[in-house]
Amino acid sequence: MAETVDLRVADLHPAVDDPALNSMNFLNEVAQHYPDAVSLAAGRPYEEFFDVGALHRHLERFRRHLADDLGQSPAQVHRTLLQYGRTKGIVHHLVARNLAVDEQLTVDPEAIVVTVGCQEAMFLVLRALRADPRDVLLAVAPTYVGLTGAARLLDLPVRPVRGGPAGIDLSDLREQVRLARAAGLRPRACYVMPDFANPSGTSIGLADRRRLLDLAAEEDLLLLEDNPYGLFPAAEPGRPPTQSGRPPTLKALDTARRVVYLGSFAKTVLPGARVGYVVADQRVAGADGTVGLLADQLAKIKSMVTVNTSPIAQAVVGGALLEHGCSLVAATVRERAAYGRNLRHLVDGLARRFPAGTSPVRWNVPAGGFFVVVTVPFGVDDALLHRSARGYGLLWTPMAHFYDDGAPVDALRLSVSAVTPEQIDLGLDRLAALVADETARRAANAEVG
Ligand SMILES: Cc1ncc(COP(=O)(O)O)c(C=O)c1O
């Protein structure tokens, strides 16, 4: 007898059945299924850095800040920490100080909305921008699946812009704007990750950052700059990691409020706090002629999505910021050293196992961040990931997940953030075995065919 059902997926919003929304679940399920596999898939921070004891210290530090620096009475402190609170957040002034200290970026704290992770920030911005069925979003491909998924939920089509080794192909961006407009569409913004992008690992150089801003001005386009990995440049071998040489963010170069800046504390402080933010200093004219900030429009949307970001979580992040004079560069010395060491270890390990000249395997060498893209001489799909997990004890992410068109891709993403150098060695040995076997298997199939 057929099982009775109450609802059908087909009757729900189409996004719930979209590959973009299934991607994270699928990858998590594979990881749960093979708990003993080496995971070069997870783009999570290294868990040995987590410290429950620090939570109490940060909370107490922020409590003292409210009382001593902001002059709040004990009753006000209780209310700030434990009651429903300000929609735009309670650590906005510390976020502004952090951006001034680490990014030389002067931001009006009122232009900041503190969000439940960067993910909510993306959702709020896309919700606000998507005003008309003709609206589309441009995004450098391959792109972060959380962006694509949020856009899907908002019925906002994402049109890819070529990324390439320079991080963005500016002539393709201009062409995509032209094509979209010629088709009667309204490109509302272009989403970019100028520093150590997820998944590509690429960065945009200073000259191209300036050209991108010029192009955005010429085309009257907003830029959504997402920067969760910017504080993790990998040092030169044998030299301590520094922040020098890191180009300014797009937002720091932006003199015309073209850039909406998306920030995350997940990789720098704590992912479990779920705190991120958006800087939205764009001026928005109302029907009555009044002019306000885009941040205030986003806050209205936020009040109907998450009401406000947990003040307890914000207090933890606020305390962590205060402990280091609001510098996350200072707060993440240990993380930067470990992630940089791992990135170099991975790239060196790839070079040893897949020597240039004899192996068709290729990879890029990012200047920092968590990710490296490895290109192999065969298609990489979810079935191969299952074979890799089951037969070789190795997890990675098929690059096809980061493209929107479902076309086969012959590349995979490796992540260095959640592993030790020893696990990287083991993982790369297993990758070398997988590549050798897969190449032989396909050659044998071709012969039979
Ligand atoms: C490019 C990018 N943006 C945003 C996020 C989400 O950040 P959050 O955890 O603050 O929501 C991630 C997380 O991996 C990411 O890689």
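Description of the structure in this document. (Residues numbered from 1 in each chain as written. Predicted model: local features only at pLDDT ≥ 70, side-chain atom pairs only at ≥ 80, totals over all residues. Heavy atoms only, no water.)

Quick look at a nonpolar patch on the surface now. A cluster of nonpolar side chains, contributed by Leu7, Val9, Leu12 and Val16, occupies part of the molecular surface with about 360 Å² of accessible area. Judged by relative accessible area, which is 65%, Leu7 ranks as exposed. (Patch = residues over 30% accessible without salt bridge, like charges linked within 9 Å, V, L, I, M, F, W, Y side chains within 5 Å. Areas by Shrake-Rupley, 256 points an atom, 1.4 Å probe, with all protein chains shown as cover. Salt bridge = Lys/Arg side-chain N within 4 Å of Asp/Glu carboxyl O. Buried < 20%, exposed > 50% of the residue type's maximum accessible area, 1.4 Å probe, protein only.)

Glancing now at the sheet that holds strand β15 (residues 411-415). One open sheet accounts for 4 strands, arranged β11-β12-β15-β14; its pairing is antiparallel. Each of the sheet's edge strands pairs with one partner strand only, and the pair in question is β11 (362-363) and β14 (397-398). As judged from the 2 bridges shared by β14 and β15, these two strands associate in the antiparallel manner. Each residue of the ladder has a partner; that of Thr397, found in β15, is Arg413. Along the sheet, helix α13 (residues 333-353) makes contact with β11, β12 (371-375) and β15, crossing β12 at roughly 15°. (Pairing = 2+ DSSP bridges. Helix = DSSP H or I, 4+ residues; strand = E, 2+ residues; numbered from the N terminus. Contact = heavy atoms within 4.5 Å. Axes fitted to C-alpha atoms, helices over the stretch in contact; angles between N-to-C directions.)

Glancing now at the site of the ligand. Looking at the ligand, there are 14 residues lining it, with Cys118, Asn198, Asp226, Tyr229 and Ser264 nearest. Within the contact set of the ligand, an oxygen atom lies 2.8 Å away from a side-chain nitrogen or oxygen of Arg274. Protein contact buries 91% of the 390 Å² of open area that the ligand shows by itself. A per-element tally of the shell around the ligand places helix α5 (residues 117-129) first, with 3 residues. In terms of residue class, the shell around the ligand is built from 7 nonpolar, 4 polar and 3 charged. (Near = heavy atom within 4 Å. Polar contact = N/O pair within 3.5 Å; in protein donor to acceptor, adjacent residues only side chain to side chain. Nonpolar A, V, L, I, M, F, W, Y, C, P; charged D, E, K, R; others polar.)

In this section: the environment of Ser417. Tracing the backbone through its elements, the reader meets Ser417 in the loop between β15 and α15 (421-448). You can call Ser417 buried: its relative accessible area is 1%. Note: C-alpha distance between Ser417 and Gly368 (49 residues apart in sequence) is 11 Å. Other than its neighbours up to four places away in sequence, Ser417 contacts Ala42, Gly43, Arg44, Pro45, Tyr46, Tyr339 and Phe370. Among the polar contacts listed, one links the side chain of Ser417 to the backbone oxygen of Ala42, at a separation of 3.5 Å.

Here we take up the state of the cysteines. A covalent bond bridging the sulfur atoms of two cysteines is what the word disulfide describes. Counted under the stated rule, the structure contains 0 disulfides. Free of any disulfide, Cys326 has its nearest cysteine sulfur in Cys118, 20 Å distant. Of the residues examined, Cys326 reaches a relative accessible area of 1% and is grouped as buried. (Disulfide = S-S within 2.5 Å.)

Before going further, it helps to spend a moment on the environment of Leu262. Examined against the element boundaries, Leu262 turns out to sit in strand β7 (residues 259-264). Expressed as a C-alpha distance, the spacing of Leu262 and Val113, which sit 149 residues apart in the sequence, is 9.9 Å.

Our next topic: the pairing of strand β2 (residues 112-115). In summary, the side chains of a regular strand alternate between the two faces of the sheet. Neither face of β2 is left uncovered, since the one carrying Ile112 and Val114 and the one carrying Val113 and Thr115 both have all their residues buried. Both β2 and strand β8 (residues 276-279) contribute to a ladder of 4 bridges, which runs antiparallel. Across the sheet, Val113 pairs through a bridge with Val278, a residue of β8.

On inspection of all chains with the given rule, the structure shows 29 salt bridges. One salt bridge in this structure joins Glu60 and Arg63, with 2.9 Å as the shortest N-O distance. Note that Glu60 and Arg63 are positioned in helix α2 (residues 52-69) at a spacing of 3 residues, about one turn of the helix. Given the relative accessible area of 32%, Glu60 is considered partly exposed. A salt bridge links Arg353 to Asp425, with the shortest nitrogen-to-oxygen separation between them at 3.9 Å. With a gap of 72 residues between them, Arg353 in helix α13 and Asp425 in helix α15 connect regions that are remote in the sequence. Look at Arg353 and you get partly exposed, because its relative accessible area is 22%. With relative accessibility at 25%, the residue Asp425 sits in the partly exposed group. In the salt-bridge network here, residues are joined through shared partners; they are Arg86, Lys88, Glu110 and Asp296.

On to the nonpolar core. Considering soluble globular proteins, one finds that nonpolar side chains tend to be buried as a cluster. Within the largest apolar cluster, 33 residues are counted, with the highest numbers of intra-cluster contacts made by Leu350, Trp396, Leu414 and Leu431. When contributions to this core are tallied by element, the ones reaching two or more residues are α1 (19-33), α13, β12, α14 (382-392), β13 (394-395), β15 and α15. It is α15 that contributes the most residues to this core, 5 residues altogether. Residues contacting Leu431, with those up to four places away along its chain left out, are Leu350, Phe354, Leu394, Leu412 and Leu414. (Core = buried A, V, L, I, M, F, W, Y, C linked by side-chain atoms within 4.5 Å.)

By themselves these figures say nothing about function.
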